[in-house]
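The primary structure of each chain is shown beneath.
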Amino acid sequence: MVKFQKQLESQLVPEWRVKYCDYKQLKKVVKRIKNQILHTKNQQHKVFDPNVFSVDKSKLQNLLQNPSAILSSCCEQSISSETSMVVHKTRTGDGEDFYETELFGTRSDHEKSFFFGLDDQLNKVDKFFRCKEDEYDAQAQQLHIQMEELIAMQDDESQSLKGSPGNKGKVQRAAKMLQTAFVEFYRGLRLLRNFSSLNMMAFVKILKKFDKVTGQNASGSYLKMVENSHFATSDKVVKFMDRVERVFTLHFTKGNRKQAMAYLRPIHSASNHGNINFILGLFSGCSWSLLAAFVLILVLGNKDGITTKYIQAVFPVFSTLFLFVLHLYMYGWNIYVWKQVRINYTFIFEFSPKQELRHQDVLLLSTGLTTLIIIGMIFHLATYTVTHVDSEIIALVVFLLLILLLICPLDICYKSSRAAFLRCTWRIISSPLFKVVFADFFLADQLTSQVPALRNLGYISCYYGGGFFRTRNTGACTKSTLFKSFQYLISVLPYWWRLMQCWRRWMDEHDTAHIANGGKYLSALIAVVVRLTYSRIKSEFWLGIFVISSIFATVYQLYWDIVVDWGLLQPKSFNPWLRDQLILKRKITYFLSMALNVILRLAWIYSVTHPPGTEIELMIIDLFFAALEVIRRGHWNFYRLENEHLNNVGRYRAVRAVPLPFKQMDDTLA
């Protein structure tokens, strides 16, 4: 049987954690009471008292003559244990109930602490439930008004003989927005109902545990008050849920209740963990075996400098794929750790149940792609070294296969997740035309760590698009003026997209912090342009500009990483130089993570200090530092979402704030 503490931790709403009954703390108090009782008994057993075993003959004779006195004595003991406490309920000035326990008789300090703590928890739970219930009451009234507006709009459209396409489109968009609003509203109601039932169970469990330890019957009188509290007796949430189900079924699914409940209560697709883990292990083993075979073929086939020519030809293709797959591995690790520490990443990213991927799914996809890529590398290398046939096209085929897999319209290989990724990518490319949500700027941040891979994409387009692969002319693109200009463009695009997103967010929210954030990406954009220029014009002037711009951009980025994105380095916080709330238990982890982020941010210094080498050495070094940046980004991702999650916890945000159509018709439906 699963212990209730684990059940509570697994089922509670993370953003409302502090508002639940603190079962763990109350359990500690009960344990201290138990230890105190055991200690008292041990002390009594150490002293032998002969009177303990003596019998009062007069009392014994009285009990034998009057058997009903035995029952009367037991009832008096039970009644005294129940009436040894009274729970008072008073109404405060703001209309809220306040519970306070009055204890009679001799009580230990730990027992007093238990009931005072129990009162605090009951008052906290009841007050929060009332607050959220009033909030949902206001939302219900607002949705009712919105629904009336939509119905009137639909009636006008149906009565007109020739409805204009523009009006019809407005009606459809309004209906879609209201449908989403009802789904989120219903989700919030379900969470609040679950909040009520879990807390009720927590009070029952802890009071029974107290009775078992002390031998009292405190749960009887106290539970009566808990059962009569507002959070346990209010049926407003259930009525709201019934009303939403009726409205949704009638207006959004044309009377189909089964379809309506599929929207309102989406069921996560059941997957066979055993099969996934088996295939994941199979792909992992195949990847390592194939990698060993690739290295063996590469070493044995190194004749007449053929390895050098091979690496120069296909290195950009396979290194690009390697960086993207490495990023996928880091994302799988992120999901695993977020899940372990109860960070609600699905809510932050606004994933639907169909779009959500578990870490096993991401790692399965990563190992499968790794296996496919290494098979392509082996086939290409074997063809290149053994038969000396023109095999350049093989690398391109592998690359195109992965692109086709990403955009494949068939319902295979996590179609809904791929579609969500492509939509998010389109919104990034179209910045600042669309409103920016968390998933958009989070993915755009990932792209800023893939600049080397994007530059390789430019080289691949030139090498294969220009037909230079037929003659293996690897230097044709790097000597082209047009290609060099294109490299500038593709290198600054991720920073430009983030800059435009910051500008759009400032326009929408009027928060100057977005202007400051945009300045960070502008400084990084300038640093990238200067670095590219210095790599082509080796002069002291450009070296100085490169160092100055890189130092400024790095300091700017480090400050924003640690202070803003992670919310750390707060000297007056409850945890000095960290922040008030921490998810990880060991504080040293945060300090080590900050140091690691600084070190990885300073990797560009090597490009200034290292001596020039051969072309192959430079390609391998660049790949190494590009991989380090991807790893740094994966490390950054954890703390970025931790801080976002804690911000949601501070505001008790557990459902999305969905814009309604009719309060801003001109902006939304125009």
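Quick caveat, the model's predicted, so the values are computed rather than measured.

Caption draft 1: Main features of the overall build of the protein chain. Helix and strand counts for the protein chain come out as 25 helices and two strands. Taken across its 670 residues, the protein chain has 43% of its residues classed as buried. Sequence separation of 24 or more characterises 74% of the internal contacts of the protein chain that already satisfy a separation of 6 or more. Summing over all exposed atoms, the protein chain offers an accessible surface of approximately 37,000 Å²; the carbon and sulfur share of this is 62%.

Caption draft 2: Looking closely at unusual backbone geometry. Omega for the peptide link from serine 431 to proline 432 comes to 10°, which places this bond in the cis form. As for its position among the elements, proline 432 is in the loop between helix H16 (415-429) and helix H17 (438-448).

Caption draft 3: Region of the structure containing the pairing of strand S2 (residues 97-103). Direction of pairing for strand S1 (residues 85-91) relative to S2: antiparallel, over a ladder of seven bridges. Within S2, the position partnered with methionine 85 by the bridge is leucine 103.

Caption draft 4: The pattern of salt bridges, seen in detail. Scanning the model with the defined rule gives 23 salt bridges in all. Salt-bridge contacts for arginine 656 lead to glutamate 184; the nearest nitrogen and oxygen are separated by 3.5 Å. With arginine 656 in the loop between helix H24 (615-651) and helix H25 (665-668) and glutamate 184 in helix H6 (residues 165-214), the pair connects residues that are 472 residues apart, well separated along the chain. Since its relative accessible area comes to 28%, arginine 656 is described here as partly exposed. The shortest N-O distance in the salt bridge between glutamate 509 and arginine 505 comes to 3.6 Å. Of the two residues, glutamate 509 and arginine 505 both sit in helix H19 (residues 481-509), four residues apart, roughly one turn of that helix. With a relative accessible area of 18%, arginine 505 lands in the buried category. Through salt bridges that share partners, Lys89, Arg91, Asp97, Asp126 and Arg130 make up one connected network.

Caption draft 5: Spotlight on the environment of leucine 582. Locating leucine 582 in the fold gives a position in the loop between helix H21 (540-565) and helix H22 (587-601). Each C-alpha atom, one on leucine 582 and one on leucine 568, is 9.8 Å from the other, the two residues being 14 residues apart in sequence. Each residue touching leucine 582, except ones within four places of it in the same chain, is listed here: Asn575, Lys587, Tyr590 and Glu642.

Caption draft 6: Molecular detail of the packing of aromatic side chains. Taken as a whole and judged by the stated rule, the model has 36 aromatic pairs. Between the aromatic rings of tyrosine 459 and phenylalanine 483, the centroid separation amounts to 6.3 Å while the plane-to-plane angle is 75°, which identifies the pairing as edge-to-face. With tyrosine 459 in helix H18 (residues 451-465) and phenylalanine 483 in helix H19, the pair connects residues that are 24 residues apart, well separated along the chain. The class for tyrosine 459 is buried, based on a relative accessible area of 10%. Through a chain of ring-to-ring contacts, three or more aromatic side chains come together here, namely Tyr331, Trp338, Tyr345, Phe349, Phe351, Phe438, Phe441, Phe442 and Trp636.

Caption draft 7: Molecular detail of the confidence of the model for the protein chain. Per-residue pLDDT for the protein chain averages 85, and the proportion of residues at 70 or more is 87%. Here residues 69-82 scores under 50 on pLDDT; set against residues more than four positions off or in separate chains, the count is five contacts. Note on residues 664-670: pLDDT under 50 across the span, and 11 contacts to partners over four residues away in sequence or across chains.

Caption draft 8: Just the state of the cysteines, in detail. Across all of its chains, the model carries one disulfide by this definition. At a sulfur-sulfur separation of 2.1 Å, the disulfide partner of cysteine 462 is cysteine 477. Between cysteine 462 and cysteine 477, the disulfide has an S-S torsion of -100° and is therefore left-handed. Of the two residues, cysteine 462 sits in helix H18 while cysteine 477 sits in the loop between H18 and H19, which places them 15 residues apart along the sequence. Note on cysteine 408: no disulfide assigned, nearest cysteine sulfur contributed by cysteine 413 at a separation of 8.6 Å. Looking at cysteine 408, the relative accessible area reads 16%, which means it is buried.

Conventions we followed
Residues numbered from 1 in each chain as written. Predicted model: local features only at pLDDT ≥ 70, side-chain atom pairs only at ≥ 80, totals over all residues. Heavy atoms only, no water. Helix = DSSP H or I, 4+ residues; strand = E, 2+ residues; numbered from the N terminus. Buried < 20%, exposed > 50% of the residue type's maximum accessible area, 1.4 Å probe, protein only. Contact = heavy atoms within 4.5 Å. Areas by Shrake-Rupley, 256 points an atom, 1.4 Å probe, with all protein chains shown as cover. Pairing = 2+ DSSP bridges. Salt bridge = Lys/Arg side-chain N within 4 Å of Asp/Glu carboxyl O. Phe/Tyr/Trp six-rings, centres within 6.5 Å; stacked < 30°, edge-to-face > 60°. pLDDT = per-residue confidence, 0-100. Disulfide = S-S within 2.5 Å.

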